[in-house]
Amino acid sequence: GAVVSQHPSRVICKSGTSVKIECRSLDFQATTMFWYRQFPKQSLMLMATSNEGSKATYEQGVEKDKFLINHASLTLSTLTVTSAHPEDSSFYICSATIPDFRSYNEQFFGPGTRLTVL
Amino acid sequence: AQTVTQSQPEMSVQEAETVTLSCTYDTSESDYYLFWYKQPPSRQMILVIRQEAYKQQNATENRFSVNFQKAAKSFSLKISDSQLGDAAMYFCAYRSDYYGGSQGNLIFGKGTKLSVKP
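Residues numbered from 1 in each chain as written. Chains lettered and ligands numbered in written order. Predicted model: local features only at pLDDT ≥ 70, side-chain atom pairs only at ≥ 80, totals over all residues. Heavy atoms only, no water.

## Comments concerning the overall build of chain A
Consideration 1: A count of helices and strands for chain A gives zero helices and 11 strands.
Consideration 2: Listing the helices and strands of chain A from first to last along the sequence gives β-β-β-β-β-β-β-β-β-β-β.
Consideration 3: A compact globule built from 118 residues would reach a C-alpha radius of gyration of about 13 Å, and chain A, at 14 Å, matches this within 12%.
Consideration 4: Reported as C-alpha extents along the three principal axes, the dimensions of chain A are approximately 45 × 25 × 25 Å.
Consideration 5: Here chain A holds 118 residues, and 52% of them are scored as buried. (Helix = DSSP H or I, 4+ residues; strand = E, 2+ residues; numbered from the N terminus. Rg over C-alpha atoms; globule rule 2.2 N^0.38 Å. Buried < 20%, exposed > 50% of the residue type's maximum accessible area, 1.4 Å probe, protein only.)

## Digging into the overall build of chain B
Consideration 1: Of regular secondary structure, chain B possesses zero helices and 12 strands.
Consideration 2: On C-alpha atoms alone, chain B measures out to a radius of gyration of 14 Å, which is about the 13 Å that the 2.2 N^0.38 rule sets for 118 residues.
Consideration 3: Principal axes of the C-alpha set define a box for chain B whose edges measure 45 × 30 × 20 Å.
Consideration 4: When each of the 118 residues of chain B is scored for burial, the buried share is 47%.
Consideration 5: For chain B, the accessible area works out to roughly 5900 Å², and carbon and sulfur atoms hold 46% of it.
Consideration 6: For chain B, the distance from the average position of its 12 positive side-chain charges to the average position of its 11 negative side-chain charges is 3 Å. (Areas by Shrake-Rupley, 256 points an atom, 1.4 Å probe, with all protein chains shown as cover. Lys, Arg positive; Asp, Glu negative; His and termini not counted. Charge placed at Lys NZ, Arg CZ, Asp CG, Glu CD.)

## Looking at the state of the cysteines
Consideration 1: Across all of its chains, the model carries two disulfides over all chains by this definition.
Consideration 2: The disulfide partner of C23 of chain A is C94 of chain A, and the S-S distance across this bridge is 2.0 Å. Since a negative S-S torsion denotes a left-handed disulfide, the C23 of chain A-C94 of chain A link at about 80 degrees is right-handed. One end of the pair, C23 of chain A, is in strand β3 (residues 19–25); the other, C94 of chain A, is in strand β9 (residues 90–97), and 71 residues separate them in sequence.
Consideration 3: Since its relative accessible area comes to 0%, C23 of chain A is described here as buried.
Consideration 4: According to the relative accessible area criterion, C94 of chain A is buried, its value standing at 0%.
Consideration 5: Paired by a disulfide, C23 of chain B and C92 of chain B hold their sulfur atoms 2.0 Å apart. What sets the handedness of the C23 of chain B and C92 of chain B disulfide is the S-S torsion sign, and at about -70 degrees it is left-handed. On the criterion of sequence distance, the pair formed by C23 of chain B in the loop between β3 (19–21) and β4 (24–26) and C92 of chain B in strand β10 (residues 88–96) is long-range, its members being 69 residues apart. C92 of chain B carries the same exposure label as C23 of chain B, and that label is buried. (Disulfide = S-S within 2.5 Å.)

## Observations concerning the sheet that holds strand β8 (residues 76–81) of chain A
Residues and elements named next belong to chain A.
Consideration 1: Strand order in this open sheet of four strands is β1-β3-β8-β7, and the pairing throughout is antiparallel. Two strands close off the open sheet at either side, each with one partner strand: β1 (4–7) and β7 (67–73). Taking each pair of neighbouring strands and ignoring which way they run, the sheet shows an average axis angle of 15 degrees.
Consideration 2: As paired elements, β7 and β8 share five bridges and run antiparallel to each other. Each residue of the ladder has a partner; that of N70, found in β8, is T78. (Pairing = 2+ DSSP bridges. Axes fitted to C-alpha atoms, helices over the stretch in contact; angles between N-to-C directions.)

## A short note on the side chain of S96 of chain B
Residue and element names in this part refer to chain B.
Consideration 1: Positionally, S96 belongs in strand β10.
Consideration 2: Take S96: its relative accessible area is 9%, and that puts it in the buried class.
Consideration 3: One polar contact links S96 to E29, side chain to side chain, over a distance of 2.9 Å. (Polar contact = N/O pair within 3.5 Å; in protein donor to acceptor, adjacent residues only side chain to side chain.)

Spelled out as structure tokens, the structure:
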């Protein structure tokens, strides 16, 4: 199957700083990428959908100015948590997909990034 | 809006036995996809099985099979001959038909934690 990587896998930062998380599709071109957030022992909650070359679509309740998403190329999407605070500590997961009428458009998930804000 | 409900927060099964995880969903759409994902302690999301709503035949992948009841909006997962490696969180997920206007994001249930006893 297709491989999606995330970097870093784990990051610890001080409150007030910004953190950038990268999501890369390694062996395919992903026109659409998704960013999810997962709190401990909870499910994945969609934060935003990003399409290459266009602005991300954010889910209701997700602060656009706090969680900046850039899908600059067909293989890279970045999530920047700006002015991070302890409540932003969470597990962030990206996934990538290839819209194709011939397939059911499987989402390929990255391994996730654990963010801890002190 | 579509919703996915998993009513069993935790389940336990003896090694080599069979276990069924429940999932119900709510939608007004006629075309969609349903998935079961496994999330082991590594937090990597792994696709277990998928079902296209237009297919009446239940999907099967080796020891994993589903019971898809479209009218009842039910999508249960049966794991046969359970193995220690099956222990994980299992998430049921819904996805609208991409060509119905959806961008392909997944809607997850809250998950069921499966323990396998040796």
